[in-house]
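# An overview of the molecular structure
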Amino acid sequence: MIRYGILFAIVLISIVCRLIATADSHLIPGLGSMYYPLQVRCLLERGTLGYSDVPLVFWIEALAARIIILVSSMPVSDSIVFACRLVNAIVPSLIVIPVFYLTLSVSKSNIHPAYLAVILALSVLNPSVLVLFAIDFDKNAISMLFVYMTLYYLWQFSTHRKTKELVMAAGSVILTLLTHFGCFSSLFIFLLVFTFVTGFFSISKIIKWFHEPGIRIVFITFSLLVFILLPFLLKLYDNQRFLHLISYFSDPLQIFRNSFFMLICQGKLIWDWQNLLYLIIINSFSIMSIILFFRIRKRMGKEQTIFYLSLVIWFVLLSNPFINTAIYNRLLFISLIPLTVITIFIFQYCRKPVRIPIAIVLALLLTLTVATSGVRRTYISKEEYLELSSLRTVIPKPSSTIVLAQHRLEFWTSWTLRIKSGQLAGIKPYEYPKYSQVLYVVQKSNQFQEEIPKSASLIHTGRYFDLYKIY
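Here is a short report on the structure shown in this document. (Residues numbered from 1 in each chain as written. Predicted model: local features only at pLDDT ≥ 70, side-chain atom pairs only at ≥ 80, totals over all residues. Heavy atoms only, no water.)

### Thoughts on the packing of aromatic side chains
Centre distance and the angle of the planes are the two values used to describe a pair of aromatic rings. How we decide: Pairing of aromatic side chains here covers Phe, Tyr and the six-membered ring of Trp, requires ring centres within 6.5 Å, and sorts the geometry by plane angle: under 30 degrees stacked, over 60 edge-to-face, intermediate tilted. Only DSSP runs of H or I reaching four residues or more are called helices, and only runs of E reaching two or more are called strands; each is numbered from the N terminus. Between buried and exposed lies partly exposed: a residue is buried under 20% and exposed over 50% of the maximum accessible area for its type, with that area taken using a 1.4 Å probe on protein chains only.
For the structure shown, the criterion picks out 23 aromatic pairs. Centre to centre, the rings of Y35 and Y51 are 6.0 Å apart; their planes meet at 50°, and the pair counts as tilted. Of this pair, Y35 sits in helix α2 (residues 35-46) while Y51 sits in the loop between α2 and α3 (56-71), placing them 16 residues apart in sequence. For Y35, a relative accessible area of 11% gives the class buried. Residue Y51 is classed as partly exposed on the basis of its relative accessible area, which comes to 22%. Taking the centre distance of 4.8 Å and the plane angle of 45° together, the rings of F190 and W314 count as tilted.

### Thoughts on the pairing of strand β3 (residues 437-443)
Short version of the rule: Strand pairing follows a simple DSSP-based rule, namely that at least 2 bridges must link the two strands.
The element β3 is largely enclosed, with a buried count of seven among its seven residues. Side chains Q437, L439, V441 and Q443 of β3 all project onto a buried face; the interleaved residues V438, Y440 and V442 project onto the opposite face, where all are buried too. As judged from the four bridges shared by strand β1 (residues 401-405) and β3, these two strands associate in the parallel manner. Following the sheet pairing, V403 is matched in β3 by L439. Where β3 meets strand β5 (residues 465-469), five bridges bridge the pair, whose relative direction is antiparallel. In the strand pairing of β5, V441 is matched with L467.

### Examining the packing of α3 against helix α4 (residues 76-90)
Under the convention used in this document: A fitted line through C-alpha atoms serves as each axis, taken over the contacting stretch for helices, and the angle formed by two N-to-C directions is quoted from 0 to 180°. The cut-offs work like this: below 35 degrees is roughly parallel, past 145 is roughly antiparallel, 65 to 115 is roughly perpendicular, and the gaps in between are oblique. If you view the pair so one helix is near and one far, a crossing is left-handed when the near helix is turned anticlockwise from the far one by less than a right angle, and right-handed when it is turned clockwise. Between two residues, a contact is recorded if the distance between any of their heavy atoms is within 4.5 Å. For this scheme, ten residues count as nonpolar: Ala, Val, Leu, Ile, Met, Phe, Trp, Tyr, Cys and Pro. Four count as charged, namely Asp, Glu, Lys and Arg, and the remainder, Gly too, count as polar.
At their nearest, the axes of α3 and α4 sit 8 Å apart, and the two run at 130° to each other. When the axis of α3 is compared with that of α4, the two are oblique. When you trace α3 past α4, the crossing you get is right-handed. Contacts between α3 and α4 involve I60, E61, A64, A65, I68 and I69 from the first element and V76, S79, I80, F82, A83, C84, L86 and V87 from the second. Its residues placed into classes, the contact of α3 with α4 shows twelve nonpolar, one polar and one charged.

### Considerations on the sheet that holds strand β4 (residues 457-461)
Taken in spatial order, the five strands of this open sheet run β2-β1-β3-β5-β4, and their pairing is mixed. This sheet does not close on itself; its edge strands, each paired only once, are β2 (420-423) and β4. Sheet twist, expressed as the average angle between the axes of neighbouring strands with direction ignored, equals 30°. Pairing geometry for β4 and β5, over four bridges, is antiparallel. Paired with L458 across the two strands is Y468, which belongs to β5.

### Quick look at helix α8 (residues 138-160)
Inclusion rule: What a helix is expected to span follows from its residue count: subtract one and scale by 1.5 Å.
Here α8 is 23 residues long and its end C-alpha atoms lie 33 Å apart, about the 33 Å a rise of 1.5 Å per residue gives. Buried residues dominate α8, accounting for 19 of its 23 residues. The first or second residue beyond α8 is R161, which carries a positive phi of 60°.

In structure tokens form, the structure reads like this:
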């Protein structure tokens, strides 16, 4: 009962912290947070997304919004925003469930409650899930749930050899793909690593497995899904990311260009102290996980060794600073997934002189994260929101007009004005004639202003926004 009490407490703390982050606002805080209500509104009104993307999170949020609309008297817009808040607070908090059962399975239900609490807290109260993904990146946080589910079912399959568990793992992979491409890419790396490590340790057993018809069918089906259906789904829902992925196949070395490490050595990259500290902590744990593998490998069975080594290699690949900075910034935060699962093995197989200091350090870091999390501010203030809403009255023919804006602001513009919006770089001059007019809105409080086209003419100025006509 103590274990389930800990599980319930961590879920509750996570939900409360995530709700507090969005509590003091009529809108969702964050830079691009209005992307989610905007997509949901398009789904409810038109049955399609407003922007090409993998759809699962928006389907979930649209379903929640539809229920709220049916059972309450809230306006539709408020219902949509509230639904997005609820989904973002509740669903990522469920990460602790697969982590809980994975911990019990690895430890054979023989883990101290204090260590269990640290592991569960690490899964949802870490800086990635609780801070970065609390307001702006619903897809990232929710997809991490499906990654953990994949790891749990893969672990179960590696220890019990049941076809059902392999099917569940494959289903979790599909859910990850339909949620977030970045997390799916990271998970795919782990699956490749796990396959190679398993092959290295168990080549004779693998051959024996394939004599079983059920295993062969599942493996062939899974392979077809990975190499045929998954690229097709990606191209269908997000052609831009599909083309981006293809570019890496045509030029693999670009993954190492402009690496985080090289830019720091050249003095071209400056991070604030919080991010640098985060980088140092993650890479310290990465190095420690390698050292501990050689310390505890003799205490583990073959399946445990394969799984732990695969996690360590995956962790190192995600957290190392020698890859392209744009990719590294995303993978570093996802690296909390292998760290959490590695911690399960550390608490199970390391001795007390190692376990206790690690548990204390993690507990202090997580306590600090929770203590410093709180109400987050919106990208635009209430006053700015009201003024932005009023701009529709000065726009003739809004149904055939497009209003361009800096990245992130375009979502707020489209949501507020109920008008087609995009980025300045996302539409070419030869496309302008498709619209009755092309406008550009400038948020005066934005300290990182992009250059306004020289041909643009100012048609409206307000306290917080200026509106220009480009075409």
